[in-house]
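# Coordinate inspection notes
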Amino acid sequence: MKAVRFDAWKTRPALVDVDRPVPGPGEVLLKVAGSGACHSDVALYAIFDQDIAMPQLRPSYILGHEVTGWVEETGPGVVGIEPGTAHMVYAARGCGHCASCARGEDTLCDNVASMTSLGSGLGLDGGMAEYMTVPVRNLVPLEGADPIKAAPLVDAGLTAYHAVKLALPRLTSGGRTALVIGLGGVGQFAVQILGEMTAATVLATDIKAEACDLAAERGATVVEGGEDQAARIRELTGGRGVDAVFDLVGTEDTIRLAQSVVAVRGRITVVGLAGGRTDWGFYTTPFEAELTGTYMGTLEELHELAALYRAGRLEVDITPFALEDALDAYARLETGTMLGRAVIVPHGTVTVDDAAVAADAEAVPVAG
Ligand SMILES: [Zn+2]
Ligand SMILES: [Zn+2]
């Protein structure tokens, strides 16, 4: 079968022919429906190396940690999973027996130091391929919902859901305000999930006008950038400040904006991977405000998110690509010219709407 394999640090992945995997005990063989191309894949092959990456992410393996598909075959000992049914794949893979894993928090596994991978497509073979094997525990049922559009929920959607869920104590009273900074895939989910799960006023900002328009359609109040942006945001909160800020960018500038608008006892969640740093001191911060980060989400939360999606409560923006064009999808991701999540569709025919992707921007330098 064809697969997109990441073979060495600072080298682009390659489309290769490999043997179709065989499901072991407690596993299924999944026929991949959709596989999202994630920005963290680009970080994996273009930015990381043995000095800065966690050793569990060391190549070589098939990429793809944002995967949905249909059960093709069940391995020994698997009961109650019907061939042909559609599922999402919870990508994180902890030790399976610590207290964190017992709660479905494989992302926070107590024994990560002794693990040889972080999950499928993250050290283990993932779903940027025609087929992959998955432990039944990691399957989340989609029932009749569209599995191709569901792919971005597995990581981008789950990341937004987890960040919002952890901030809910700040947002459940009346008159609360949330702010979403950065309206790419994760930010669009954050806007929708805040609308579904809270009564808060949702403010949103991004430098791209069309991303702002989309968020506005989904119920957010857009605050444009500019010199007095923080003052305008504070005004919209009646001067109180924002109860929960979600920074999906994570640069020094966006964290500073978050700090300048957060309310007393507010919460700033930095989700974006830009690596910005900030000063955080007693006198520079409203009383009892907190600054935290989040990483993906739990297996139980993916079940909860799937329920929202199955009920038709979430819009997902995707640009589909054939598996043969996966490297093209990554190239467009590198240049920042992708609108909506690039989802690789290995089976069936895919027509890419060229109007949805602008070409010819400068690519980040990667060897190979
Ligand atoms: Zn990802
Ligand atoms: Zn564990």
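Everything numeric in this text was worked out from a predicted model, so none of it was measured.

## Structural notes on helix 10 (residues 326-335)
Within helix 10, 7 of the 10 residues are buried, which leaves it mostly tucked inside the rest of the structure. Every buried residue of helix 10 is listed here: Ala326, Ala329, Tyr330, Arg332, Leu333, Glu334 and Thr335. Those residues of helix 10 that are buried lie in contact with strand 1 (2-6), helix 1 (39-47), strand 17 (318-322) and strand 18 (341-345). One or two positions beyond helix 10, positive phi appears at glycine 336, with a value near 70°.

## Digging into the coordination of the zinc ion (ligand 2)
Four donors placed tetrahedrally about a metal ideally form angles of 109.5 degrees, and six donors placed octahedrally ideally form angles of 90 or 180 degrees. Taken together, the protein ligands of the zinc ion (ligand 2) are Cys95 (SG), Cys98 (SG), Cys101 (SG) and Cys109 (SG), with distances of 2.3 to 2.4 Å. Here the donor residues of the zinc ion (ligand 2) share one chain and are spaced in sequence as C-x2-C-x2-C-x7-C. Here cysteine 101 and cysteine 109 have matching classes, each one buried.

## Quick notes on the packing of aromatic side chains
All chains considered together, the criterion is met by 5 aromatic pairs. Each ring, one from phenylalanine 6 and one from tryptophan 9, has its centre 5.7 Å from the other, and the planes form 65°; the classification is edge-to-face. Residue classification places phenylalanine 6 among the buried residues on the basis of a relative accessible area of 0%. On the basis of an interplanar angle of 55° and a centroid distance of 6.1 Å, the ring pair of phenylalanine 282 and phenylalanine 287 is categorised as tilted. For the residue pair phenylalanine 282 and phenylalanine 287, the accessibility class agrees, reading exposed in each case. By way of ring pairs, the aromatic residues Phe6, Trp9 and Tyr61 are connected into one cluster.

## Quick word on a nonpolar patch on the surface
A surface patch of nonpolar side chains, about 580 Å² in accessible area, is lined by Val264, Phe282, Tyr283 and Phe287. Looking at the secondary structure, you find phenylalanine 287 in the loop between strand 15 (262-270) and strand 16 (290-293). Owing to a relative accessible area of 57%, phenylalanine 287 belongs among the exposed residues under this scheme.

## Things to note about the coordination of the zinc ion (ligand 1)
Surrounding the zinc ion (ligand 1) are the protein donor atoms Cys38 (SG), His65 (NE2) and Asp155 (OD), at 1.8 to 2.2 Å. Between consecutive donors of the zinc ion (ligand 1), the numbers of intervening residues give the motif C-x26-H-x89-D. Taken as a pair, histidine 65 in the loop between strand 4 (61-62) and strand 5 (67-74) and aspartate 155 in the loop between helix 3 (147-150) and helix 4 (156-167) lie far apart in primary sequence, 90 residues in all. Of the two residues examined, histidine 65 and aspartate 155, each falls in the buried class.

## Focus: the pattern of salt bridges
Tallying each qualifying case throughout the model produces 21 salt bridges. When the shortest N-O distance is used, the salt bridge between arginine 5 and aspartate 7 registers 2.8 Å. Linking glutamate 143 and arginine 310 is a salt bridge whose minimum nitrogen-to-oxygen distance equals 3.6 Å. Pair noted here: glutamate 143 is in the loop between strand 10 (139-141) and helix 3 and arginine 310 is in helix 9 (residues 299-310), with a separation of 167 residues, a long-range link. Residue glutamate 143 is classed as exposed on the basis of its relative accessible area of 56%. Members of the salt-bridge network, linked through shared partners, are Arg170, Arg267 and Glu290.

## Considering the sheet that holds strand 1
One open sheet holds the 3 strands; their spatial order is 2-1-4, and the pairing between them is antiparallel. In the strand order of this sheet, the two ends are held by strand 2 (14-17) and strand 4, each with one partner.

## Considering the nonpolar core
With 79 residues, the main nonpolar core has Leu63, Leu153, Val180, Phe246 and Tyr330 as its most contacted residues. Of all the elements, helix 4 adds the most residues to this core, at 7 residues. Residue contributions to this core reach at least three from each of two domains, namely domain 1 (2-155 + 298-356) and domain 2 (161-293). Core analysis: the second largest hydrophobic core is formed by 15 residues, Leu203, Val245, Ala258 and Val262 among them.

## Some details on the sheet that holds strand 16
With parallel pairing, 6 strands are arranged side by side in an open sheet as 13-12-11-14-15-16. In this open sheet, the two edge strands, each paired with only one partner strand, are strand 13 (221-222) and strand 16. Pairing geometry for strand 11 (residues 177-181) and strand 12 (residues 201-205), over 5 bridges, is parallel. The residue of strand 12 that forms the bridge with threonine 177 is threonine 201. Packing against the sheet, helix 5 (residues 185-197) makes contact with strand 11, strand 12 and strand 14 (242-247), and its axis sits at approximately 165° to strand 11. Against the sheet, helix 8 (residues 252-261) contacts strand 11, strand 14 and strand 15, and its axis sits at roughly 160° relative to strand 15.

Criteria and thresholds
All residue numbers refer to position in the chain's written sequence, counted from 1. As they are written, the chains are lettered A onward and the ligands numbered 1 onward, keeping that order. Predicted model: local features are reported for residues with pLDDT of at least 70 only, side-chain atom pairs are reported and counted for 80 or more only, and whole-chain, interface and lining totals are derived from all residues. Based on all heavy atoms of the structure, the side-chain values leave hydrogens and waters out of the count. Three exposure classes are used, based on accessible area relative to the maximum for each residue type with a 1.4 Å probe and protein chains only: buried under 20%, partly exposed in between, and exposed over 50%. Counting from the N terminus, the helices are the DSSP runs of H or I reaching at least four residues and the strands are the DSSP runs of E reaching at least two. We call two residues contacting when some pair of their heavy atoms lies within 4.5 Å. Metal donors: N, O and S atoms at distances within 2.8 Å, or within 3.2 Å for Na, K and Ca, with water omitted from the atom set so that some sites may seem incomplete. Any two rings among Phe, Tyr and Trp, with Trp reduced to its six-membered ring, count as a pair given centres within 6.5 Å; such a pair is stacked if its planes are under 30 degrees apart, edge-to-face if over 60, and tilted if neither. Within the patch definition used here, like charges are joined within 9 Å and nonpolar side chains (Val, Leu, Ile, Met, Phe, Trp, Tyr) within 5 Å, considering only residues with over 30% relative accessible area and no salt bridge. The protein chains shown are the only cover counted for residues, whose accessible areas, like all others here, come from Shrake-Rupley with a 1.4 Å probe. For this analysis, a salt bridge means a side-chain nitrogen from Lys or Arg found within 4 Å of a carboxyl oxygen belonging to Asp or Glu. Any two strands between which DSSP finds at least two bridges are classified as paired. Residues belong to one nonpolar core when they are buried, are Ala, Val, Leu, Ile, Met, Phe, Trp, Tyr or Cys, and are joined through side-chain atoms within 4.5 Å. Where each domain begins and ends is defined by an automated method or by a domain database. Convention adopted: a line fitted to C-alpha atoms gives each axis, helices being fitted over their contacting stretch, and angles between N-to-C directions are expressed from 0 to 180 degrees.

Distances and angles like these do not, on their own, reveal function.
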